[in-house]
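Letter by letter, the chains look like this.
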Amino acid sequence: MSRHADIVALQHQSGPVALVWLDLSTGAVMTSHVGLRATLCRGVKDWAGQAVYPKEGLRFLCAVYDYYFLRGYSVQWISGSGLKDIHHTYRV
């Protein structure tokens, strides 16, 4: 993973934080949660209800934010660098 990424952090009321990010150097969408990977691979609906898929990069990451926000998750958008200590990563 590159050290520069746009990241969506999701936290369900009863669970741990999961990260979904777009690696800005490769264009790959990744997640830190293996169970979330299967859901994301199928695509998610954006704010307007249109299906968006991982190959759409930043548009997909925006749709992930909308999708989980509308379902009551605590969601944060983070842009940064220095991300290198995530032990488990799964390509979407």
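Residues numbered from 1 in each chain as written. Predicted model: local features only at pLDDT ≥ 70, side-chain atom pairs only at ≥ 80, totals over all residues. Heavy atoms only, no water.

Remarks on the overall build of the protein chain
Looking only at helices and strands, one finds two helices and seven strands in the protein chain. Along the chain direction, N to C, the helices and strands of the protein chain fall in the order β-β-β-α-β-β-α-β-β. If you take every contact in the protein chain between residues at least 6 apart in sequence, the share linking residues at least 24 apart comes to 47%. For the protein chain, the accessible area works out to roughly 5500 Å², and carbon and sulfur atoms hold 51% of it. (Helix = DSSP H or I, 4+ residues; strand = E, 2+ residues; numbered from the N terminus. Contact = heavy atoms within 4.5 Å. Areas by Shrake-Rupley, 256 points an atom, 1.4 Å probe, with all protein chains shown as cover.)

Some details on the pairing of strand β2 (residues 17-23)
Buried residues dominate β2, accounting for six of its seven residues. As consecutive antiparallel partners, strand β1 (residues 4-11) and β2 are separated by five residues. Here β2 runs beside strand β3 (residues 29-31); their pairing, made up of three bridges, is antiparallel. Following the sheet pairing, Val20 is matched in β3 by Thr31. (Buried < 20%, exposed > 50% of the residue type's maximum accessible area, 1.4 Å probe, protein only. Pairing = 2+ DSSP bridges.)

Some words on the packing of helix α1 (residues 34-41) against helix α2 (residues 58-70)
Between α1 and α2, the shortest axis-to-axis distance is 12 Å and the interhelical angle comes to 110 degrees. Relative to α2, α1 is oriented roughly perpendicular. The residues of α2 that touch α1, namely those facing Leu36, Thr39 and Leu40, are Phe60, Val64 and Tyr68. For the contact of α1 with α2, a count of residues per class yields five nonpolar, one polar and no charged. (Axes fitted to C-alpha atoms, helices over the stretch in contact; angles between N-to-C directions. Parallel < 35°, antiparallel > 145°, perpendicular 65-115°, else oblique. Nonpolar A, V, L, I, M, F, W, Y, C, P; charged D, E, K, R; others polar.)

Here we look at the nonpolar core
Core analysis: the biggest nonpolar cluster contains 18 residues, and Val20, Leu40, Val64 and Tyr68 have the highest contact counts within it. Those elements that place two or more of their residues in this core are β1, β2, α1 and α2. Per element, the largest residue contribution to this core is six residues, and it comes from α2. Residues Ala5, Ile7, Ala28 and Met30 belong to the second largest nonpolar core, which totals seven residues. (Core = buried A, V, L, I, M, F, W, Y, C linked by side-chain atoms within 4.5 Å.)

A closer look at the confidence of the model for the protein chain
Atom-level detail of predicted coordinates should not be read off regions where pLDDT is low. Averaged over all residues, the pLDDT of the protein chain equals 85, while 89% of them reach at least 70. Across the protein chain, element-level confidence peaks in strand β5 (residues 51-52) with a mean pLDDT of 96 and bottoms out in strand β7 (residues 90-91) with 74. (pLDDT = per-residue confidence, 0-100.)

Some thoughts on the packing of aromatic side chains
Under the definition given, this model contains five aromatic pairs. Chaining the aromatic ring pairs together yields one cluster made of Trp47, Tyr65, Phe69 and Trp77. In this structure, Arg71 is placed above the aromatic ring of Tyr67, and the distance from its NZ or CZ to the ring centre is 3.6 Å. (Phe/Tyr/Trp six-rings, centres within 6.5 Å; stacked < 30°, edge-to-face > 60°. Lys NZ or Arg CZ within 6 Å of the ring centre and 35° of its normal.)

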